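Each chain is listed here by its residues.
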Amino acid sequence: VLSLLVGTGLAAACGFRVFVPLLVMSVAARAGHLQLSPGFDWIASGPALIAFAAATVLEIAGYFIPYVDHVLDVLAAPAAAVAGTLVTASAVIGMSPFLRWTLAIIAGGGVAVLFHAATGAARAASTATTGGLANPAVAVAEAGGSTLLSVLAIAAPVLALAGIIVIVLLAGRVLRAARARISRGSS
């Protein structure tokens, strides 16, 4: 169960940034703090670590460039689903492959897409209300959230689950408030 929490926490972090959780996983696995499922040892390899580090730097930098951030948001939607599925499947140990991949697709991919949709909504709201001037602040918050959630998922999976629940509840509250504001404005 803890390995599923680790995978789900990492998947949620993929919704913020696709490559940050993979980089954190690679470092943690290399340091012996994370056991990977059979067949996923490549995540801890030197070439994978270098690739994840380079991709993380490029992804984070891209979100600070106007218009590139929008293109990255569009490309990151399917990438987050794939990465969320991958990190969950690689973190879940002690299960049959069928159950592991089923949970990875449903829980990992689903949570990553949910979190990516929430960040996309936050970026759209930021662009609409500030003309994109606040988007760099949103990018910093997303990168920080991805890093913090990735580390928590590995170091304290139950705490990461609590963080995921809080984020989902806050996002729901913000969505309800925005809908109410829109319906009052159109009435």
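The structure under discussion appears in the preceding block.
Being a predicted model, the structure only gives us computed values, none of them experimental.

### So, the pattern of salt bridges
Scanning all chains against the criterion turns up four salt bridges. With its nearest N and O atoms 3.5 Å apart, the salt bridge here joins Asp 69 to Arg 123. Placement of Asp 69 in helix α4 (residues 68-91) and of Arg 123 in helix α5 (residues 97-130) is noted, with a sequence separation of 54 residues between them. The shortest N-O distance in the salt bridge between Arg 123 and Glu 142 comes to 2.6 Å. Of this pair, Arg 123 sits in helix α5 while Glu 142 is found in helix α6 (residues 135-155), placing the two residues 19 residues apart along the sequence. We note that Arg 123, like Glu 142, is buried. A single network of salt bridges, built from pairs that share partners, joins Arg 17, Asp 69, Asp 73, Arg 123 and Glu 142.

### Quick look at the nonpolar core
Counting 38 residues, the largest nonpolar core has Leu 10, Met 25, Leu 34, Leu 36, Val 87, Leu 149 and Ile 154 as the members making the most contacts within it. In terms of residues, this core owes the most to one element, helix α1 (residues 2-16), which gives seven residues.

### Re a nonpolar patch on the surface
The grouping of Trp 101, Ile 105 and Ile 106 at the surface amounts to a nonpolar patch, some 330 Å² of accessible area in total. By relative accessible area, Ile 106 is classed as exposed at 62%.

### Things to note about the packing of α4 against α5
α5 packs onto α4 with a crossing angle of 155 degrees between their chain directions and a minimal axis gap of 6 Å. As far as their axial angle goes, α5 and α4 are roughly antiparallel. The crossing of α4 and α5 is right-handed. Residue-level contacts link Asp 69, Asp 73, Ala 76, Ala 77, Ala 80, Ala 81, Gly 84, Thr 85, Thr 88 and Ala 89 of α4 to Arg 100, Trp 101, Leu 103, Ala 104, Ile 105, Gly 108, Gly 109, Ala 112, Val 113, His 116, Gly 120 and Arg 123 of α5. Tallied by class, the residues present in the contact of α4 with α5 amount to 11 nonpolar, seven polar and four charged.

### Some points on the side chain of Asp 73
Tracing the sequence through the fold places Asp 73 in helix α4. Sequence-distant contacts of Asp 73, that is, excluding residues within four places in its chain, are made with Tyr 63, His 116, Gly 120 and Arg 123.

### As for α4
A bend of about 40 degrees at Ala 76 is the largest found in α4, and the proline Pro 78 appears one to four places after it. Where α4 is buried, its residues touch α1, α2 (20-30), α3 (46-62), α5 and α6.

### Quick word on the packing of aromatic side chains
Taken as a whole and assessed by the stated rule, the structure comprises three aromatic pairs. Centroid distance Phe 40 to Trp 101: 6.0 Å. Interplanar angle 40 degrees. Geometry classified as tilted. A residue pair is termed long-range when its members are at least 10 positions apart, and Phe 40 in the loop between α2 and α3 and Trp 101 in helix α5 qualify at 61 residues. Plain terms: the ring middles of Trp 42 and Phe 52 are 6.4 Å apart, the flat faces sit at 50 degrees to each other, and that makes the pair tilted. One end of the pair, Trp 42, is in the loop between α2 and α3; the other, Phe 52, is in helix α3, and 10 residues separate them in sequence. Trp 42 sits in the partly exposed class, given a relative accessible area of 41%. Against the face of Tyr 63 rests Arg 17, its NZ or CZ located 3.7 Å from the ring centre.

Parameters at a glance
Residues numbered from 1 in each chain as written. Predicted model: local features only at pLDDT ≥ 70, side-chain atom pairs only at ≥ 80, totals over all residues. Heavy atoms only, no water. Salt bridge = Lys/Arg side-chain N within 4 Å of Asp/Glu carboxyl O. Helix = DSSP H or I, 4+ residues; strand = E, 2+ residues; numbered from the N terminus. Buried < 20%, exposed > 50% of the residue type's maximum accessible area, 1.4 Å probe, protein only. Core = buried A, V, L, I, M, F, W, Y, C linked by side-chain atoms within 4.5 Å. Patch = residues over 30% accessible without salt bridge, like charges linked within 9 Å, V, L, I, M, F, W, Y side chains within 5 Å. Areas by Shrake-Rupley, 256 points an atom, 1.4 Å probe, with all protein chains shown as cover. Axes fitted to C-alpha atoms, helices over the stretch in contact; angles between N-to-C directions. Parallel < 35°, antiparallel > 145°, perpendicular 65-115°, else oblique. Left-handed = near helix turned anticlockwise from the far one by under 90°. Contact = heavy atoms within 4.5 Å. Nonpolar A, V, L, I, M, F, W, Y, C, P; charged D, E, K, R; others polar. Bend = angle between axes of the 7 residues up to and from the residue. Phe/Tyr/Trp six-rings, centres within 6.5 Å; stacked < 30°, edge-to-face > 60°. Lys NZ or Arg CZ within 6 Å of the ring centre and 35° of its normal.

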